[in-house]
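Examining the three-dimensional arrangement
Spelled out, the chains give:
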Protein chains: 2
Amino acid sequence: MLVVKKFGGTSVADKERIFNVARRCIEDYKKGNDVVVVLSAMGKMTDALLAQAKEINPNPPKREVDMLLTVGEQTSVALMSMAMDSLGVPSISLNAFQVAMHTTSAYGNARLKGIDTDRIRNELEARKIVIITGFQGIDKMDNYTTLGRGGSDTTAVALAAALKADQCEIYTDVDGVYTADPRYVKNARKLDEITYDEMLDLASLGAGVLHNRSVEMAKKYGVQLVVRSSLNTSEGTVVKEEVSMEKMLISGVASDKNTALISVIGLEDRPGVAFKLFHHLANHNINVDIILQSIGRDGTKDITFTVDEDNADETVEILERHRSGSLKCQKIELDKSVAKVSVVGAGMMSNPGVAAKMFEALYDVGVNIKMISTSEIRVTILIDEGFTNKAMNAVHDIFNLGEE
Amino acid sequence: MLVVKKFGGTSVADKERIFNVARRCIEDYKKGNDVVVVLSAMGKMTDALLAQAKEINPNPPKREVDMLLTVGEQTSVALMSMAMDSLGVPSISLNAFQVAMHTTSAYGNARLKGIDTDRIRNELEARKIVIITGFQGIDKMDNYTTLGRGGSDTTAVALAAALKADQCEIYTDVDGVYTADPRYVKNARKLDEITYDEMLDLASLGAGVLHNRSVEMAKKYGVQLVVRSSLNTSEGTVVKEEVSMEKMLISGVASDKNTALISVIGLEDRPGVAFKLFHHLANHNINVDIILQSIGRDGTKDITFTVDEDNADETVEILERHRSGSLKCQKIELDKSVAKVSVVGAGMMSNPGVAAKMFEALYDVGVNIKMISTSEIRVTILIDEGFTNKAMNAVHDIFNLGEE
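Residues numbered from 1 in each chain as written. Chains lettered and ligands numbered in written order. Predicted model: local features only at pLDDT ≥ 70, side-chain atom pairs only at ≥ 80, totals over all residues. Heavy atoms only, no water.

1. Points about the side chain of Thr380 of chain B
Residues and elements named next belong to chain B. The criterion, for reference: The secondary structure listing takes helices from DSSP runs of H or I that are at least 4 residues long and strands from runs of E that are at least 2 residues long, numbered from the N terminus. Exposed residues in this analysis have more than 50% of their type's maximum accessible area, buried residues have under 20%, and partly exposed residues fall in between, with area computed by a 1.4 Å probe over protein chains only. Polar contacts, as used here, are pairs of N or O atoms within 3.5 Å; protein pairs need one atom able to donate a hydrogen and one able to accept it. Residues neighboring in sequence count only if both atoms are side-chain atoms.
With respect to the helices and strands, the residue Thr380 is situated in strand β18 (residues 378-384). Look at Thr380 and you get buried, because its relative accessible area is 1%. Of note is the side chain of Thr380, whose polar atom sits 2.5 Å from the side chain of Arg378.

2. With respect to the packing of aromatic side chains
This is how the line gets drawn: Note on ring pairs: Phe, Tyr and Trp rings are taken, using the six-membered ring of Trp, and paired if centres are within 6.5 Å. Classes follow the plane angle, with under 30 degrees stacked, over 60 edge-to-face and the rest tilted. Here, a charge over a ring means that NZ of Lys or CZ of Arg falls within 6 Å of the ring centre while also lying within 35 degrees of the ring normal.
Here the structure, examined in full by the defined rule, presents 7 aromatic pairs over all chains. Each ring, one from Phe97 of chain A and one from Tyr144 of chain B, has its centre 5.7 Å from the other, and the planes form 70°; the classification is edge-to-face. Here Tyr144 of chain B lies in strand β8 (residues 144-146) and Phe97 of chain A lies in helix α4 (residues 96-99), a pairing that spans two chains. In this structure Tyr144 of chain B comes out as buried when scored by relative accessible area, which is 1%. Ring geometry for Phe7 of chain B and Tyr171 of chain B: centres 4.3 Å apart, planes at 15°, overall stacked. Linking Phe7 of chain B in strand β1 (residues 2-7) with Tyr171 of chain B in strand β9 (residues 167-172), this pair joins segments that are 164 residues apart in sequence. Exposure class is identical for Phe7 of chain B and Tyr171 of chain B. Each is buried. Taken together, Phe97 and Tyr144 of chain A together with Phe97 and Tyr144 of chain B form an aromatic cluster joined through their ring pairs. Here the guanidinium or amino end of Arg127 of chain B rests over the ring plane of Tyr29 of chain B, the centre of that ring lying 4.1 Å away. We note Lys257 of chain B situated over the ring of Tyr184 of chain B; from NZ or CZ to the ring centre the distance is 5.8 Å.

3. Section: the pattern of salt bridges
Residue and element names in this part refer to chain A. Inclusion rule: The salt bridge definition used is simple: a Lys or Arg side-chain nitrogen within 4 Å of an Asp or Glu carboxyl oxygen.
Summed over all chains, the structure comprises 40 salt bridges over all chains. The shortest N-O distance in the salt bridge between Lys5 and Asp28 comes to 2.5 Å. Placement of the pair is Lys5 in strand β1 (residues 2-7) and Asp28 in helix α1 (residues 15-30), with a sequence separation of 23 residues. Side by side, Lys5 and Asp28 carry an identical accessibility label, which is buried. Salt bridges sharing partners connect three or more residues here, namely Lys5, Asp28, Glu169 and Arg228.

4. A look at the relation of the copies chain A and chain B
What counts is decided by this rule: What sets the superposition is a least-squares fit of C-alpha atoms, and only residues with pLDDT of at least 70 in both copies go into it. Any pair of residues with heavy atoms lying within 4.5 Å of one another is described as a contacting pair.
Screw-axis analysis of chain A against chain B gives a translation of 0.0 Å along the axis, an RMSD of 0.1 Å, and a rotation angle of 180°. Expressed as an axis order, the relation between the two copies is that of a two-fold axis. For chain A, the residue whose C-alpha comes nearest the rotation axis is Val71 of chain A, separated from it by 2.6 Å. When the interface residues of chain A are mapped onto chain B, 100% of them again fall at the interface, so both copies present the same face.

5. So, the interface of chain A and chain B
Applied cut-off: Once two parts are joined, some of their accessible surface, as seen by a 1.4 Å probe, is lost; buried area is that loss totalled over both.
Between chain A and chain B, the residue contacts involve 42 residues of the former and 42 residues of the latter. Together, the buried faces of chain A and chain B total about 3,500 Å²; carbon and sulfur atoms form 61% of this surface. Looking only at chain A, the three residues that lose the most surface to chain B are Ile56, Met82 and Phe97 of chain A, adding up to 21% of its buried area. Run the count over chain A and chain B and you get 0 salt bridges. For the pair chain A and chain B, the number of links is 25 residue pairs in polar contact (both at pLDDT 80 or more).

6. Looking at helix α11 (residues 354-364) of chain A
All names here are of chain A. So the rule is basically this: Directions pointing from the helix axis toward each C-beta atom define the arc.
Within α11, burial applies to Val354, Ala355, Met358, Ala361 and Leu362. Take α11 and look down its axis: the buried residues cluster within an arc of 120°, on one side only. Those residues of α11 that are exposed and aimed more than 90 degrees away from the buried face are Tyr363 and Asp364. In the stretch just after α11, Gly366 is the one whose phi turns positive, near 75°.

7. Some thoughts on the packing of helix α1 (residues 15-30) of chain B against helix α3 (residues 62-86) of chain B
Residue and element names in this part refer to chain B. Short version of the rule: Simply put, an axis is a line fit to the C-alpha atoms, just over the touching stretch for a helix, and the angle between two N-to-C directions goes from 0 to 180 degrees. Helix crossings get a hand from a simple test, with the near helix turned counterclockwise from the far one by less than a right angle marking a left-handed crossing and a clockwise turn marking a right-handed one. For this classification, Asp, Glu, Lys and Arg are treated as charged, while Ala, Val, Leu, Ile, Met, Phe, Trp, Tyr, Cys and Pro are nonpolar and the rest, including Gly, are polar.
The interhelical angle for the contact between α1 and α3, taken along N-to-C directions, is 65°, at an axis separation of 9 Å. For the pair α1 and α3, the sense of crossing is right-handed. For the pair α1 and α3, the contacting residues are Ile18, Phe19, Val21, Ala22, Cys25 and Ile26 in the first and Leu79, Met80, Ala83, Met84 and Ser86 in the second. A class-by-class count of the residues in the contact of α1 with α3 yields 10 nonpolar, 1 polar and no charged.

8. Section: the nonpolar core
Nonpolar side chains tend to gather and get buried jointly when the protein is soluble and globular. Stated precisely, the cut-off is as follows: Among buried residues, the Ala, Val, Leu, Ile, Met, Phe, Trp, Tyr and Cys ones that are joined through side-chain atoms within 4.5 Å form a nonpolar core.
In this structure, Ile129 of chain A together with Ile129 of chain B are the most contacted members of the largest nonpolar core, which totals 72 residues. Contacts of Ile129 of chain B, omitting those with residues within four sequence positions, involve Cys25, Ile26, Tyr29, Val35, Val37, Met84, Val89, Pro90, Ser91 and Ile92 of chain B.

Now the structure itself:
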């Protein structure tokens, strides 16, 4: 069996943890498996490197930032190989250039284009554990690139796809995917299995266990993902195309407080107004989430939408800049104290009552709903941030998610 | 004009020094020159990385040590490029893989085999300052290698040779090459020019300004070297094939306390004994310096030689191990409290009185000579370590080296 195992920065933050990971990989190796390990930079090393860069140049060239950051994972993989050597197991560390991890040239946010697997296969055939730098790539000019947020997960999944691995294990500080965040929902329960689509909706809605890009790639190439803890040996959650057990109506509840609500009130009701508004935002790489358009007073219309809270101020600035031109309106409002709460479940496709049941739960605990958005396998509502936990628990309970 | 400038670790140890180097390079660039900069790892970073490795594995695999160490120079070059950017000058950092700095696979002590110059030339043509990692290379399997002691100097000279640079400037913490170490000889004088051969003898004899490998390579490819200070703008010392001024008899006096004297007394006087002795040492990579063989008592012979003090104990162990076999002898003596003092000068080839004059100076100040070794342009004597400064000053004075 060929297994790709990915460990994040906290799992390799110090000597003790490095050896924990080494032993864990060796255990798998000694069963006769081919083991490929993907590592992030140690602990806060990436942050420290970025701080060092900013001290030299508050706005450093992105190409050089990636040149600097890639030393982080290279340090991790070299030390890991030394740890395995001291445990008597042959291994080799490879960075993005040695693997040949080809990406676009979008420094800081590059996309993987292809991976050469020859070197990896040769080293595996020589019965070595192959330890590979996550997060980084090289462009066609041999410049280093980095993959952006969640990059190491993406590296692991891409390697699993390229190597046709039997499994890709993503090690985190939680036991797996839960029906809700156990910090806020007491009887949250770990799921044994979940579909790619459910995982995608959970990730984008703030469950935060896996980055969307890695799940999308796993779905595209049919890579079986396992999310499990680096701290214990419990089984974790398998993410795959179809769950084998009878489909549950709802898989989980997720919340996301990093969201802001922007209302553009009293826009002229002319064709193309919505296009112009979102076109301006797209030009500044601002992702818009839920959009709601309603008819305003006196032949105008209102457009309300959510963005990540980090982008909220910039979004309002952009809109204000165009207010005298293409975006004439009466007022622009910003509300940062909102949160999204979502229920996700492949089972709801064939069951129209889910949204109504969710609204009922919120009504029962007196939580007001500001916006509603639905997809085939998801219902999302926007509420006051202060009610997040109350809403999560109410929804979790009404669908009996705490019960096996 | 194309100039290669090499700065060591202390020159890039912190933000302020990085900017000093950046400004110095930019000054040259703004004169219209093509500028290639070679950097070592910052300050004590290489030592810190090695300590980190040893913590994980007291005897880490050499391939992984090089994988780890190469992050040091990569950090330096990325930060340097960011500094130049903040000073408004375009630059690009390149590591051993991006340049394609081909070496042998001898991890920790690799030899340069060839350098691809296409990328560098393209970046220079685009009027960028090109900042390159010293000390590191890649082997034919794309593994990282390091060049061993003085490696960054070698990188700089090799780049100057490959690029047919007009000059290769090695920046250090001294103003240039002196007639003697100014810390010990008060009236030591900076030389304007020196030949490759003199520099080679001075380097190997403990002057320590340039590493032998870089001087050998400079001589082989006719690269004009300049040794100068990174702290001030004084002219430095030019190292080249022939010095243009009338040849001085003596260029300088050097001393080396890192030496130990080993005497093997009462060896059987059979053919091949000397061969066997030095063959055993060569098998353990121990370099022997001065060798003296004399006739001992009762038909035996004595062999006396010097090694680096670091290797002294191991050398004695090796000899003791073979004492019952191929190296039967009466006793083995070790003296670590010795020092080498040498005078070097291309002019002495045609002047036989140099050695005698040196011995006269030592006799005048009462210093006993333990061994003598000479080459065409060098006389080296071995003395008690405690007399090193006295001997240096006496020799420096008798040749009037303090006078212009």
